[in-house]
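# Report on the structure
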Amino acid sequence: MKLIIAAIKPFKLEEVREALTAIGVRGMMVTEIKGFGSQSGHTEIYRGAEYAVNFVPKVKLEIAVTAAMADQVVETIASTARTDKIGDGKILVLDVTQAVRVRTGETNEDAL
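Presented here is a report on the structure given in the accompanying data block. What you see is a predicted model; the values in this text were computed from it and never measured. (Residues numbered from 1 in each chain as written. Predicted model: local features only at pLDDT ≥ 70, side-chain atom pairs only at ≥ 80, totals over all residues. Heavy atoms only, no water.)

Before going further, it helps to examine the side chain of Asp88. By the secondary structure assignment, Asp88 is in the loop between helix H2 (67-81) and strand E6 (89-95). For Asp88, a relative accessible area of 18% corresponds to the buried category. A distance of 2.4 Å separates a polar atom in the side chain of Asp88 from a polar atom in the side chain of Thr83. Only 3.0 Å separates the side chain of Asp88 from the backbone nitrogen of Asp84, close enough to count as a polar contact. Sequence-distant contacts of Asp88, that is, excluding residues within four places in its chain, are made with Ala7, Ile8, Lys9, Ala81, Arg82 and Thr83. (Helix = DSSP H or I, 4+ residues; strand = E, 2+ residues; numbered from the N terminus. Buried < 20%, exposed > 50% of the residue type's maximum accessible area, 1.4 Å probe, protein only. Polar contact = N/O pair within 3.5 Å; in protein donor to acceptor, adjacent residues only side chain to side chain. Contact = heavy atoms within 4.5 Å.)

So this is what it looks like as structure tokens:
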């Protein structure tokens, strides 16, 4: 089993969700986050004054999938979230050693 963590631009969330649903992803967790990478923030002008915005808003997706499905999920997120501009985000893939569905007690791949 794999846990896929993706940080993407917020306006891409719905498009990515639809693409993942189309390939069979049955659920995900979404969190609004702020961060910076090579983009390292930007400046904005508000009421005539310039302000540095050091953290850029992003959306974090956390998706647990079978190992066989991981590559397809990563490719779907990458191709759907891409704008070809700096700040498109990152995708991380981690191993999951155990999963339990709280309601039924199902474990591992059955819990996904």
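Next up on the list: the layout of surface pockets. Size it by volume and the largest pocket reaches roughly 390 Å³. Lining the largest pocket are 18 residues, with Arg26, Gly27, Ala64, Ala111 and Leu112 sitting closest to its centre. Ranked by residues supplied to the lining of the largest pocket, first place goes to strand E5 (residues 56-65) with 4 residues. Taken as a whole, the second largest pocket encloses approximately 230 Å³ of empty space. (1 Å grid on protein atoms, 1.4 Å probe; cavity = no way out; pocket = protein on both sides within 12 Å on 5 of 7 lines; lining within 4 Å. Points joined across faces, edges and corners; volume = space filled by probe spheres on them.)

This part takes up the sheet that holds E5. Taking strand neighbours across the sheet as the criterion, the 4 strands line up as E2-E5-E1-E6 in an open arrangement whose pairing is antiparallel. Either end of the sheet is taken by a strand with one partner, and the two such strands are strand E2 (29-35) and E6. Taking the axes of each pair of neighbouring strands and ignoring which way they run, one obtains an average angle of 20° across the sheet. Sheet topology note: the strand E1 (residues 2-8)/E5 ladder contains 7 bridges and is antiparallel. Looking at the pairing, Ala6 lines up with Leu61 of E5. Set on the sheet, helix H1 (residues 13-22) makes contact with E1, E2 and E5; between it and E5 the angle comes to about 10°. Of the strands in this sheet, E1, E5 and E6 touch H2, which is tilted by about 5° from E1. (Pairing = 2+ DSSP bridges. Axes fitted to C-alpha atoms, helices over the stretch in contact; angles between N-to-C directions.)

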